[in-house]
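A structural walkthrough
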Amino acid sequence: MTEMFRDKIDVEITVNGEPVEARVPAGQHLIDFLRQTVGLTGAHASCEHGVCGACTVEVDGASVRGCLMLAAQADGAEVWTVEGLTERGRIADLQAAFIAHNALQCGFCTPGMLVACDELLRRGGTPSRAEIREHLSGNYCRCTGYEAIVDAVETVAKARAGKGAA
């Protein structure tokens, strides 16, 4: 680690609706901050190159790769993890659909998938299966359960559209 990345930076980040103040190494990734400092281990650090999507979290309304964003870059941001989305009940129907369609096998990719799916479904409408696949193309399922995942997302999209929910 170079000297520049050993420097510490004060950050104020709202994580799952709660303010968090910390002094973080300048080079610490957001996923490491969430897992090691805040203790939220739902999102996983895996490829650490932004390729697999296991570290996907929501920052200011958009899903981002926690391994590509520094904690210092999240200063002043609102961050939601799968834990926070679960506690708020925002993804309850999505989680139920994942279970119903057996869309989680080993479960390693599931937190990142759920956050990415939530972003897609918040756009409203009913995305096509191709649109669902495209949106999730940055999230790898090592168990190759893609069809079940697409089935689950499609089911929730249709149900939300039927209810008039966005």
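Given the structure is predicted, the values throughout are model-derived calculations rather than measurements.

The next point concerns the domain arrangement of the protein chain. Its domain assignment divides the protein chain into domain 1 (8-85) and domain 2 (89-164). Taken residue by residue, the interface counts 17 residues in domain 1 and 17 residues in domain 2. In total, about 1,500 Å² of surface goes out of reach between domain 1 and domain 2, with carbon and sulfur atoms giving 52% of it. Here Arg90 and Glu58 are joined by a salt bridge, their closest N and O atoms 2.4 Å apart. Seen at the junction of domain 1 and domain 2, the total is 13 residue pairs in polar contact (both at pLDDT 80 or more). If you list the elements that add at least two residues to the side of domain 1 that touches domain 2, you get strand 3 (56-59), strand 4 (62-65) and helix 3 (82-88). Its residues assigned to classes, the side of domain 1 that touches domain 2 comprises 8 nonpolar, 7 polar and 2 charged.

To continue, consider the pairing of strand 2 (residues 18-25). Relative to strand 2, strand 1 (residues 8-15) runs antiparallel, the two being bridged by 8 bridges. Along strand 2, the bridge assignment pairs Asp10 with Arg23. The hairpin formed by strand 1 and strand 2 contains 2 residues between the paired strands, and Asn16 there has a positive phi angle of roughly 55°.

Here we take up helix 4 (residues 92-100). Buried within helix 4 we find Leu94, Ala97 and Phe98. Seen from one end, helix 4 has its buried residues packed into an arc of 105°, which puts them on one side. Residues of helix 4 that are exposed and angled more than 90 degrees away from the buried face: Ile99 and Ala100. Where helix 4 terminates, the next one or two residues include Asn102, which has phi positive at roughly 55°.

Inspection of every chain in the model, using the stated rule, returns 11 salt bridges. A salt bridge links Arg23 to Asp10; its shortest N-O distance comes to 2.9 Å. Remark: Asp10 occurs in strand 1 and Arg23 occurs in strand 2; sequence separation between them is 13 residues. Comparing Arg23 with Asp10, the two get one shared label, exposed. For Arg133, the salt bridge is made with Glu147, and the minimal N-O distance between the two is 3.0 Å. With a gap of 14 residues between them, Arg133 in helix 6 (residues 129-135) and Glu147 in helix 7 (residues 146-163) connect regions that are remote in the sequence.

What counts, and at which threshold
- Every chain is numbered on its own, with residues counted from 1 as its sequence reads.
- Owing to the predicted nature of the model, reporting of local features is limited to residues with pLDDT of at least 70; listing and counting of side-chain atom pairs is limited to 80 or more, with chain, interface and lining totals taken over all residues.
- Only hydrogens and water are set aside when side-chain values are computed; all heavy atoms of the structure are taken into account.
- A domain assignment, automatic or from a database, supplies the domain bounds used here.
- Contact criterion: two residues are considered in contact whenever any of their non-hydrogen atoms come within 4.5 Å of each other.
- What gets called buried area is simply the loss in accessible area from a 1.4 Å probe that two parts show on being joined, summed for both.
- A side-chain nitrogen of Lys or Arg and a carboxyl oxygen of Asp or Glu constitute a salt bridge if their distance falls within 4 Å.
- We call two N or O atoms a polar contact when they sit within 3.5 Å, provided that within protein one can donate a hydrogen and the other can accept it, with sequence-adjacent residues counted only if both atoms are side-chain atoms.
- Each helix is a run of H or I in the DSSP string that is no shorter than four residues. Each strand is a run of E no shorter than two, and both are numbered from the N terminus.
- Three categories are distinguished: nonpolar for Ala, Val, Leu, Ile, Met, Phe, Trp, Tyr, Cys and Pro, charged for Asp, Glu, Lys and Arg, and polar for the others, with Gly belonging to the last.
- DSSP calls a pair of strands paired once it identifies at least 2 bridges connecting them.
- Burial classes follow relative accessibility: with a 1.4 Å probe on protein chains only, a residue under 20% of its type's maximum area counts as buried, one over 50% as exposed, and anything between as partly exposed.
- This arc corresponds to the set of directions leading from the helix axis out to the C-beta atoms.

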